[in-house]
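Analysis of the macromolecular model
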Amino acid sequence: MSRHGSGGSGRRGPGNPEGVPRSVGALSAPPVNRALWMVVGVAAISASPILPARPRGGGGGAPLARADLARLAAAGVCLAAHFALWNASLGLTTVGAATTLVSMAPLFVGLGSVFLGEAPGPRGWAGIVLATAGAVVIGVGDAAGLGGGSDAVLGDVLAFAGALAVAAYLLLGRVVRQRLPVSTYAASVYGVAAVVLLPACLLTGSSLGGYQAASWLALAGVVVGPQLLGHTVFNGLLATVSASVVAVALLLEPVIATLLAWWLFHELPGPAFWVGGPMVLAGVWLATTGSRRM
């Protein structure tokens, strides 16, 4: 549980200067239920690289403080950058490499959480290191075994930059979600991301229509599954679960997504996947069970 306890304690502290109840709008449930919600979120978000990919071959009501408005805007910009960078990487490298490299966010979340007073314990750090090492093994093996074309290196760089963006998004969300209901947070952040991405699409000449029916269905699937169900579930968990634990749980995404790409697109993982996959799963278990904030 959070170090501030469950329920509406309203105690003041470094992360809660105004004494606002910590559980406002949160998925305040026992650890087992929160773990089930995390599984739902991981399962939903793992479909995000598959749906747009291509085959190969209560609430508050009180006015928001300026600081929270700034954090909401910054989180929306970071989310937009993550979407833009990572979706661009999918067109240049393999699904496995893109999802693996973008999932290196726990390295940056773990470092950033130190400034929030939520530095992972020894076991949590061990899990982050092990899971990230497994992600690197999968990424390197996938790029070498399957091949991503001449633009694969650029795709890998874009995916890595997407990891930086999503780490900042999670850290900002961890701060704001302790005081705002998930509905307010999600609507604000998603709205800012949309406002940022629309002019970006227009400036780059991206097509906003004229797609085939299958493409529209895939886009609808992205909105309903990974976005509304996946991201919103994790936004709800951020009020009671540390950003490091959420980020490490997301490391299941490259494992599930690579298996889906294997099944749907015949992108057969190389031998390194079978080495890195168990490392990722073991790291997720270590970081989750070793967290002092669950």
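None of the values given here were measured: they were computed from a predicted structure. Residue indices begin from 1 for each chain and proceed along its sequence in written order. Local features are withheld for residues below a pLDDT of 70 in this predicted model, meaning they are given only at 70 or higher, and side-chain atom pairs are given and counted only at 80 or more; totals for whole chains, interfaces and linings count all residues. As a rule here, side-chain values cover all heavy atoms of the structure and leave hydrogens and water aside.

1. Brief notes about a nonpolar patch on the surface
The patches described consist of residues with a relative accessible area above 30% and no salt bridge, like charges being joined within 9 Å and nonpolar side chains (Val, Leu, Ile, Met, Phe, Trp, Tyr) within 5 Å. Surface accessibility follows the Shrake-Rupley procedure with a 1.4 Å probe radius. Residue values consider only the protein chains on display as shielding. In what follows, salt bridge is the name for a side-chain nitrogen of Lys or Arg lying within 4 Å of a carboxyl oxygen of Asp or Glu. A cluster of nonpolar residues, Val 153, Leu 154 and Val 157, forms a patch on the protein surface that exposes about 280 Å² of accessible area. Strands are runs of DSSP state E lasting at least two residues, helices are runs of H or I lasting at least four, and both sets are numbered from the N terminus onward. For Val 153, the position within the fold is in helix H6 (residues 152-176). Burial classes follow relative accessibility: with a 1.4 Å probe on protein chains only, a residue under 20% of its type's maximum area counts as buried, one over 50% as exposed, and anything between as partly exposed. With relative accessibility at 61%, the residue Val 153 sits in the exposed group.

2. Here's the deal with the environment of Val 246
Summarising the element assignment, Val 246 is placed in helix H9 (residues 243-249). Under the relative-accessibility criterion, Val 246 is labelled buried at 0%. It is 9.9 Å that separates the C-alpha atoms of Val 246 and Arg 174, two residues lying 72 residues apart in sequence.

3. A look at the packing of H6 against helix H7 (residues 182-203)
Axis geometry follows a simple rule: fit a line to the C-alpha atoms, using only the stretch in contact for helices, then measure angles between N-to-C directions, giving values from 0 to 180 degrees. Direction vectors running N to C along H6 and H7 enclose 145°, while the axes themselves pass 11 Å from each other. Once H6 is placed against H7, the crossing between them reads as right-handed. In contact with Tyr 169, Gly 173 and Val 176 of H6, H7 contributes Tyr 185, Val 189 and Tyr 190. Gly is placed with the polar residues, together with every amino acid not listed as nonpolar (Ala, Val, Leu, Ile, Met, Phe, Trp, Tyr, Cys and Pro) or charged (Asp, Glu, Lys and Arg). Split into classes, the residues belonging to the contact of H6 with H7 amount to five nonpolar, one polar and no charged. Helix crossings fall into two classes, left-handed where the near helix is turned counterclockwise from the far one by less than a right angle and right-handed where it is turned clockwise. In what follows, residue pairs with any heavy atoms lying within 4.5 Å of each other are defined as contacts.

4. Section: the pattern of salt bridges
Inspection of the entire model under this criterion finds one salt bridge. Ionic pairing is found between Arg 71 and Asp 68, a salt bridge with its closest N-O pair at 3.1 Å. Taken together, the residues span about one helical turn, with Arg 71 and Asp 68 both in helix H2 (residues 66-90) at a distance of three residues.

5. Let's talk about the packing of helix H4 (residues 105-113) against H6
In the contact formed by H4 and H6, the axes pass within 8 Å of each other and the chain directions differ by 35°. The chirality of how H4 crosses H6 is right-handed. Judged by residue contacts, Ala 105, Phe 108, Val 109, Gly 112 and Ser 113 of H4 engage Phe 160, Ala 163, Leu 164, Val 166, Ala 167, Leu 170 and Leu 171 from H6. Residues belonging to the contact of H4 with H6 are distributed by class as follows: ten nonpolar, two polar and no charged.

6. A word on the nonpolar core
Ranked by internal contacts, the top residues of the largest apolar core, which has 27 residues, are Leu 72, Leu 79, Tyr 169, Leu 170, Tyr 185, Val 189 and Tyr 190. At the level of secondary structure, the elements contributing two or more residues to this core comprise H2, H4, H6, H7, helix H8 (213-237) and H9. With eleven residues, the next largest nonpolar core counts Ala 135, Val 248, Leu 251 and Ala 287 among its residues. Definition used in this section: a nonpolar core is a set of buried Ala, Val, Leu, Ile, Met, Phe, Trp, Tyr and Cys residues joined via side-chain atoms within 4.5 Å.

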